Amino acid sequence: MNTQSTQPPHLSETAQSLRARIAKRQAAVAVLGLGYVGLPLAVALAEAGFPVVGIEIDERKVDAVNRGESYVKDVASEQLAALVRPAQGKSAAASHSSLSAGHLLATADYAALQGADVAIICVPTPLNKTRDPDIRYVLAAAEGVAQHIHPGMLIVLESTTYPGTTEELLRPMFERNGLRVGHDIFLAFSPERIDPGRSDYTIHNTPKIVGGVTPACLHLTTTLYESIIEEVIPVSSPATAEMTKLLENTFRAINIALVNEIALMCDKLGLDVWEVIDAAATKPYGFMKFTPGPGIGGHCIPLDPHYLAWKLRTLNYNARFIQLADEINSEMPRYWVAKVQDALNDISKPVKGSRILVLGVAYKKDIDDVRESPALDIIELLRNKRADIRYHDPYVPTISHNAFRMSSEPDLEKAVEEADCVVIVTDHSCYDWDDIARRASLIIDTRNAIQRHRRAHSP
Ligand code: SAJ
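Residues numbered from 1 in each chain as written. Predicted model: local features only at pLDDT ≥ 70, side-chain atom pairs only at ≥ 80, totals over all residues. Heavy atoms only, no water.

Novice: When you look at the overall build of the protein chain in this model, what are you seeing that I'm missing?
Specialist: Secondary structure assignment for the protein chain yields 16 helices and 15 strands. Taken over C-alpha atoms, the radius of gyration comes to 25 Å for the protein chain, in line with the 23 Å a tight globule of 459 residues would show. Principal axes of the C-alpha set define a box for the protein chain whose edges measure 80 × 50 × 45 Å. Partitioning the intrachain contacts of the protein chain with sequence separation of at least 6 by distance along the chain shows that 70% fall at a separation of at least 24. Looking at the protein chain as shown, the accessible area adds up to about 20,700 Å², and 52% of this sits on carbon and sulfur atoms. One way to put it: in the protein chain the 47 positive side-chain charges average out to a point 2 Å from where the 57 negative ones average out. (Helix = DSSP H or I, 4+ residues; strand = E, 2+ residues; numbered from the N terminus. Rg over C-alpha atoms; globule rule 2.2 N^0.38 Å. Contact = heavy atoms within 4.5 Å. Areas by Shrake-Rupley, 256 points an atom, 1.4 Å probe, with all protein chains shown as cover. Lys, Arg positive; Asp, Glu negative; His and termini not counted. Charge placed at Lys NZ, Arg CZ, Asp CG, Glu CD.)

Novice: Looking at this model, I keep getting lost on the sheet that holds strand E11 (residues 388-392). Mind explaining?
Specialist: By definition, the strands of a sheet pair up through backbone hydrogen bonds, in either a parallel or an antiparallel sense. Read across the open sheet, the four strands follow the order E11-E10-E14-E15; overall the sheet is parallel. The open sheet terminates on both sides in strands that have one partner only, identified here as E11 and strand E15 (443-445). Direction aside, the axes of adjacent strands within the sheet are offset by 20° on average. Pairing between strand E10 (residues 355-359) and strand E14 (residues 421-424): four bridges, direction parallel. Bridging from a neighbouring strand, Ile356 pairs with Cys421 of E14. (Pairing = 2+ DSSP bridges. Axes fitted to C-alpha atoms, helices over the stretch in contact; angles between N-to-C directions.)

Novice: Would you mind going over the packing of helix H9 (residues 238-269) against helix H12 (residues 320-346) with me for this structure?
Specialist: Packed helices, taken two at a time, are described by the angle their axes make and the gap between the axes. For the pair H9 and H12, the least separation of the axes is 8 Å and the interaxial angle reads 45°. With respect to each other, H9 and H12 are oriented oblique. For the element pair H9 and H12, the recorded crossing hand is left-handed. Every residue of H12 that contacts H9 at Thr250, Ala253, Ile254, Ile256, Ala257, Asn260, Glu261, Ala263, Leu264 and Asp267 is listed here: Phe321, Ile322, Ala325, Ile328, Asn329, Met332, Tyr335 and Lys339. Taken together, the residues that form the contact of H9 with H12 break down as twelve nonpolar, three polar and three charged. (Parallel < 35°, antiparallel > 145°, perpendicular 65-115°, else oblique. Left-handed = near helix turned anticlockwise from the far one by under 90°. Nonpolar A, V, L, I, M, F, W, Y, C, P; charged D, E, K, R; others polar.)

Novice: In this structure, what is going on with the pairing of strand E2 (residues 29-32)? I would like to understand it.
Specialist: The side chains of a regular strand alternate, residue by residue, between the two faces of the sheet. Along E2, one buried face is formed by Val29 and Val31 and the opposite face, lined by Ala30 and Leu32, is buried too. Pairing of E2 with strand E3 (residues 52-55) involves four bridges; the strand directions are parallel. Residue pairing for E3: Val31 is matched across the bridge by Gly54. Read from E2 through helix H2 (residues 38-47) to E3, the crossover connection turns out right-handed. Note that E2 and strand E5 (residues 118-121) share four bridges and pair parallel. What sits directly across from Val29, in E5, is Val118. (Buried < 20%, exposed > 50% of the residue type's maximum accessible area, 1.4 Å probe, protein only. Right-handed = clockwise from strand over helix to strand, strands pointing away.)

Novice: What should I look at first to understand the site of the ligand in this one?
Specialist: Taken together, 18 residues lie near the ligand, and Asp195, Asn249, Arg252, Thr291 and Tyr363 sit nearest. Contact distances for the ligand include 2.7 Å between a nitrogen atom and a backbone N or O atom of Thr291. Within the side chain of Lys364, one N or O atom sits 3.1 Å away from an oxygen atom of the ligand. The protein chains hide 87% of the 730 Å² of surface that the ligand would expose on its own. Class assignment of the residues belonging to the shell around the ligand gives a composition of seven nonpolar, three polar and eight charged. (Near = heavy atom within 4 Å. Polar contact = N/O pair within 3.5 Å; in protein donor to acceptor, adjacent residues only side chain to side chain.)

Novice: What am I meant to see in a nonpolar patch on the surface here?
Specialist: A surface patch of nonpolar side chains, about 380 Å² in accessible area, is lined by Met265, Leu269, Leu271 and Val276. Inspection of the secondary structure puts Leu269 in helix H9. Its relative accessible area of 61% is what places Leu269 among the exposed residues. (Patch = residues over 30% accessible without salt bridge, like charges linked within 9 Å, V, L, I, M, F, W, Y side chains within 5 Å. Salt bridge = Lys/Arg side-chain N within 4 Å of Asp/Glu carboxyl O.)

Novice: Which parts of the structure should I look at to understand the pattern of salt bridges?
Specialist: Pairing between side chains of opposite charge can happen when their charged atoms approach one another. All told, the structure shown has 31 salt bridges when counted by the stated rule. Between Asp195 and Arg198 there is a salt bridge, with its nearest N and O atoms 3.3 Å apart. Look at Asp195 and you get partly exposed, because its relative accessible area is 24%. One network of salt bridges, with partners in common, ties together Arg355, Asp388, Arg390, Glu409, Lys414 and Glu418.

Novice: Whenever I open this one, the packing of aromatic side chains confuses me. Can you help?
Specialist: What characterises a pair of aromatic rings is the spacing of the ring centres plus the angle enclosed by the ring planes. This structure, assessed with the given rule, holds four aromatic pairs. With a centroid separation of 5.8 Å and an interplanar angle of 70°, the aromatic rings of Phe251 and Phe290 are classed as edge-to-face. Placement of the pair is Phe251 in helix H9 and Phe290 in the loop between helix H10 (273-280) and helix H11 (304-313), with a sequence separation of 39 residues. One Lys or Arg, Lys208, reaches over the ring of Tyr225 and ends 4.4 Å from the middle of that ring. (Phe/Tyr/Trp six-rings, centres within 6.5 Å; stacked < 30°, edge-to-face > 60°. Lys NZ or Arg CZ within 6 Å of the ring centre and 35° of its normal.)

Shown next, in the form of structure tokens:
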């Protein structure tokens, strides 16, 4: 495992004992939160030989894991089934202690932490209704750890959060009974970099950033991750690691907003923004291609920058780039609905009563996740204009958003032919763009999918 060289610091006896258990993969690891981040991590650690317990509040997920049934795209059920063993009705703590190396057990009971040497927190960090950080899940998980914390325990937070969370919020919770971080217990932040559905970069070959509260915390956390990840990169503090993650995703949100604004400019200038971007992308250095679209969705990019902006507001600083990017990205659904309205108007059809088919509602292609998807905003805007709105998405059988629930059209060809206007919102690879272009009477293509397909397949 290639890790930038860090001299092993002085370790207390407790730390030395924990380090030995980690190095021998005997350390019992608890992963809190078995979602798209926690489950692959728990599986990777169990496959590396650690005894692993997954602590998950959703009993359905607990039962599925213990049946060896995966609900996360990046984990095959066969992989899971090879690792789990029925808990034979024992209490979580008991069954966990009986767990042999290389096995995974799921439970909803925080008591399993009593037997854990390591606790890794991988719970969601959404925004609340006022688009401010909602860290209730992190605090609940940390409280669960605090109630079962014991000397010799390493705690790692992976959930994306604002700089300061680990040291200012979690550390006092863990030290409240007199245990001291760096001596009796150990604490670090290490951001997740899971990209669901990606096969070129996996948990094993995506470099892992680690920021420890003390050198011993850093060393122990680095030792742990080195057992499953090829490259572990130490930084000087948990806040540095927290900020690193936010820079990564804020960088994306702002650059996507930039190309979305370039698209608005090209529209005013009568230029083809896609041709402009493809031409700029021929520059072999100093340019990174992003593409305009219907807006941004997902559980990371639309949300993470707001964690940073919120923290800076508490320090009387206005994160202007984040603010502006959010305005532009959030405006894109309205921009595209106006395009639909203009296109129907040109053929003397009002939006009201027109049959409009949205193609693709997932937040990006070839996945089934609709969280924060701009397609939902586009559908809601068109519903509010009294359109006869339908959608088709092979990955998303039903959607429910605010006041409406819908199902994907069963017959794609028929739905395309019967639509007054087809709006391409998510360019799933499975769509036959030539066939859709032939059957549709009017197309608004927010992803330039048809032109890109034609260019890629023209002789
Ligand atoms: N989008 C654009 N134009 C672009 C890129 C994305 O409009 O040029 C839109 C997408 O359609 C989507 C949203 O932005 O609605 C977010 O897309 P994303 O490609 O950033 O995908 P995510 O949200 O799955 O981001 C994840 C992140 N991974 C982690 O946080 C660990 C992100 O850091 C990754 O860079 C990204 O995957 C990736 O590269 O796939």
